[in-house]
Amino acid sequence: MIELNDVRKVFPARGRGPEVVALDGVDLTVRAGDFAGVVGPSGSGKSTLIRLVNLLERPTSGTVTVDGRVLTDLPADEVRRARSSIGMVFQHFELMDSRTAAANVEHPLELAGVGRAERRRRSGELLDLVGLGDRAQARPAQLSGGQKQRVAIARALAARPTVLLCDEATSALDQASTTGVLELLRRVRDELGLTVLLITHEMAVVKAVCDTAVLLEAGRVVDGGRLDQVLARGDSPLAAALLPAPVADHRVAGTLLRVTVTDTAPETHVLQVLVGRLGLDVEVAGGSVETVAGGRHGRLLLRVTGADQSGLDRALAQLRDDGSRVERVAAEVAR
Amino acid sequence: MSDWSRIAPQLLDATGETLYMVAVATVITVLLGIPLGVLLTVTGPGALAPRPVLHRVLGLLVNLGRSLPFIILLVLVAPLTRGLVGTTIGSTAAIVPLTVGAVPFLARLVETSLREVSHGKVEAALAMGARRRDVVRTVLLPEALPSLVAGTTVTVVALISYSAMAGAIGGGGLGDFAIRFGYQQFRTDITLLTVALLLVVVQALQFGGDTWARRLARR
Ligand SMILES: Nc1ncnc2c1ncn2[C@@H]1O[C@H](COP(=O)(O)OP(=O)(O)OP(=O)(O)O)[C@@H](O)[C@H]1O
Ligand SMILES: [Mg+2]
């Protein structure tokens, strides 16, 4: 479990520049076994946040708790020991070029004083786990980006951590490698029961692997929760970031309706009522529906023509009573 | 050319003296220069163990050592040489100023090499729970090794040139030989021969160092 309580991080002024408030009163809880994501625009404080969890960066105020231990209260050498139970994976892998894949995986074990035979056994086991059992003697320079990140994941898991931190772990990878690495992360979480915190600026990554997510903006958590719940909320800024709303074109005649699709409020019911029962002309003007966190989620923009407006309003009210999420899109704010 | 049989053994001795001075000075320089370079690096601002005052003092000493012309340094360290070796004359005595001159030189090169190691790798090790000395031992030094070898090669070549100067003031070796037999006896051929010999030694060292560094970098 990871818990940040009212964490502030202020970087002191450098030269004549102003001081930078990178995190401004952040509360965050990641339950044991959850795969959590942090998203946000560039400069919002994502990297700072994840680096606080293993105290690579110390908070200016607030507490950091991992698995019930308040790291911010521990003396330096105990923080160091606590770090070995927190694995970390980086955007640029940060493997040691002077070491083979196996020796890289053994690196944290060496630091922990694990004996040679045990290290060998463990690195073999972990390279097998990440699918690189046959590349144990390869140097990082001989591996592809995706393979390097797999070695880095094996290294992060070597000391049997309970928590895994991923700082933009797929941002330097192509699409295929990204998919592979994400599947691997998800699989090790399931098999080892890890708590994973991943930061990324790629919404697709969050949708692919996370159970929960928070949206960070200018150092504050502005939205968050379990993905299925977040996506079911029509007005959530995080949902808007994850499933960008289709752009409404008001130059074409007709009434635009926005439908938020979830498993419990499928678009089929809306269509049945509008087309089937009221006999209206309905076309899909934009949007998408995808499977996220095991459920169907999306936003659709429908264009209705030939409707009598008061009749349409009654139908929409009825639909909302049925549990559907549908509303008119005002001409100005088409979100 | 009738005197070659007289000169050849002396040339051999001189070469031996040069190699002896340079070899011993190299070993001591590496033993002192690398730790000093590490200390310079880790005490720097934003580094592993920032110590602004110590960093500045070390930096000053290193710059002092590097800015003094070697010939002046030779004279300045004479008391130290006498204290350590008992005399200021001879190849063994020459090792002292050679080392004093080369240590700051190597330390700066070491600092440059270690700074090239990305901070990301250092952080990766810290995130694994590494102590600072673990970071030096398992990250900075091994990752910078090819560059450290290259820097040491440059230092050894500089030591050979210093050793020729040290020779001139009583340290023996090829520099001394060139002056006594070549310059003072107007034997340009002997001077040139000595220069050629030094060139061969430097070339061989540089080639060896480059090959080693390249092999390490290709790992
Ligand atoms: N070591 C530092 N010293 C001073 N300011 C810093 C430092 N690290 C980060 N900052 C500042 O803190 C703010 C948040 O930075 P951070 O790197 O956490 O953002 P981010 O969300 O990870 O951005 P990106 O997506 O571009 O990586 C930025 O304004 C940044 O300039
Ligand atoms: Mg970042």
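Report follows, based on the coordinates. Keep in mind the model is a prediction, meaning the values are calculated, not measured.

On to the overall build of chain B. From N to C terminus, chain B includes nine helices and zero strands. Along chain B, from the amino end to the carboxyl end, the secondary structure elements read α-α-α-α-α-α-α-α-α. Buried positions account for 48% of the 219 residues belonging to chain B. Once local pairs closer than 6 in sequence are excluded, the contacts in chain B between residues at least 24 apart make up 72%. A total accessible area of about 11000 Å² is found for chain B, and carbon and sulfur atoms account for 69% of it.

Facing 18 residues of chain B, the contacting portion of chain A comprises 20 residues. Across the chain B to chain A interface the summed buried area is about 1800 Å²; carbon plus sulfur atoms make up 58%. Scanning the region where chain B abuts chain A turns up two salt bridges. Counting across the interface, chain B meets chain A through eight residue pairs in polar contact (both at pLDDT 80 or more). Elements with a minimum of two residues in the side of chain B that touches chain A: helix H6 (119–127) and helix H7 (132–171) of chain B. Among the elements that line the side of chain B that touches chain A, the one with the most residues is H6 of chain B, at seven residues. When grouped by side-chain class, the residues that make up the side of chain B that touches chain A number eight nonpolar, four polar and six charged.

Our next topic: the pairing of strand S12 (residues 281–292) of chain A. All names here are of chain A. Bridge count for S12 against strand S13 (residues 295–305) is 11 bridges, and the pairing is antiparallel. When the sheet's bridge partners are listed, Val289 is paired in S13 with Gly298. Connecting S12 to the antiparallel partner S13 that follows it, the hairpin turn spans two residues, and Ala293 within it adopts a positive phi of roughly 50 degrees.

Here we come to the sheet that holds strand S14 (residues 325–328) of chain A. Residues and elements named next belong to chain A. The strand order S12-S13-S11-S14 describes an open sheet built from four strands, whose pairing is antiparallel. The open sheet has two free edges, formed respectively by S12 and S14, since each of these has just one partner strand. Each strand axis lies, on average, 15 degrees off the axis of its neighbour in the sheet, ignoring direction. Pairing of strand S11 (residues 255–261) with S14 involves four bridges; the strand directions are antiparallel.

Attention now moves to the nonpolar core. The biggest cluster of nonpolar side chains holds 53 residues, and the ones touching the most others in it are Leu49, Leu165 and Leu197 of chain A together with Val135 and Leu140 of chain B. In terms of residue count, H7 of chain B provides more of this core than any other element does, six residues in total. Beyond its immediate stretch of four places on either side in the chain, Leu165 of chain A contacts Ile2, Ile50, Val53, Asn54, Ile86, Gly87, Met88, Val89 and Leu197 of chain A. Formed by 49 residues, the second largest nonpolar core is a distinct cluster that contains Val105, Leu184, Ala213 and Val230 of chain A.

Let us look at unusual backbone geometry. Residue and element names in this part refer to chain A. Not every positive phi belongs to a glycine, and Glu94 is a case in point at roughly 55 degrees. Along the chain, Glu94 turns up in the loop between strand S6 (86–89) and helix H3 (101–111). At Ala218, a residue that is not glycine, the phi angle is positive and equals roughly 50 degrees. Tracing the sequence through the fold places Ala218 in the loop between strand S9 (212–217) and strand S10 (220–226).

Moving on, we get to a nonpolar patch on the surface. Residues and elements named next belong to chain B. A cluster of nonpolar residues, Ile71, Ile72, Leu76, Met165 and Ile169, forms a patch on the protein surface that exposes about 430 Å² of accessible area. Of all elements in the fold, only helix H3 (70–76) and H7 reach the threshold of two or more residues within the nonpolar patch. Examining the composition of the nonpolar patch, we find that three residues originate from one element, H3, more than from any other. As for its position among the elements, Leu76 is in helix H3. With relative accessibility at 53%, the residue Leu76 sits in the exposed group.

How each quantity is defined
- Residues numbered from 1 in each chain as written.
- Chains lettered and ligands numbered in written order.
- Predicted model: local features only at pLDDT ≥ 70, side-chain atom pairs only at ≥ 80, totals over all residues.
- Heavy atoms only, no water.
- Helix = DSSP H or I, 4+ residues; strand = E, 2+ residues; numbered from the N terminus.
- Buried < 20%, exposed > 50% of the residue type's maximum accessible area, 1.4 Å probe, protein only.
- Contact = heavy atoms within 4.5 Å.
- Areas by Shrake-Rupley, 256 points an atom, 1.4 Å probe, with all protein chains shown as cover.
- Buried area = accessible area lost by both parts, 1.4 Å probe.
- Salt bridge = Lys/Arg side-chain N within 4 Å of Asp/Glu carboxyl O.
- Polar contact = N/O pair within 3.5 Å; in protein donor to acceptor, adjacent residues only side chain to side chain.
- Nonpolar A, V, L, I, M, F, W, Y, C, P; charged D, E, K, R; others polar.
- Pairing = 2+ DSSP bridges.
- Axes fitted to C-alpha atoms, helices over the stretch in contact; angles between N-to-C directions.
- Core = buried A, V, L, I, M, F, W, Y, C linked by side-chain atoms within 4.5 Å.
- Patch = residues over 30% accessible without salt bridge, like charges linked within 9 Å, V, L, I, M, F, W, Y side chains within 5 Å.

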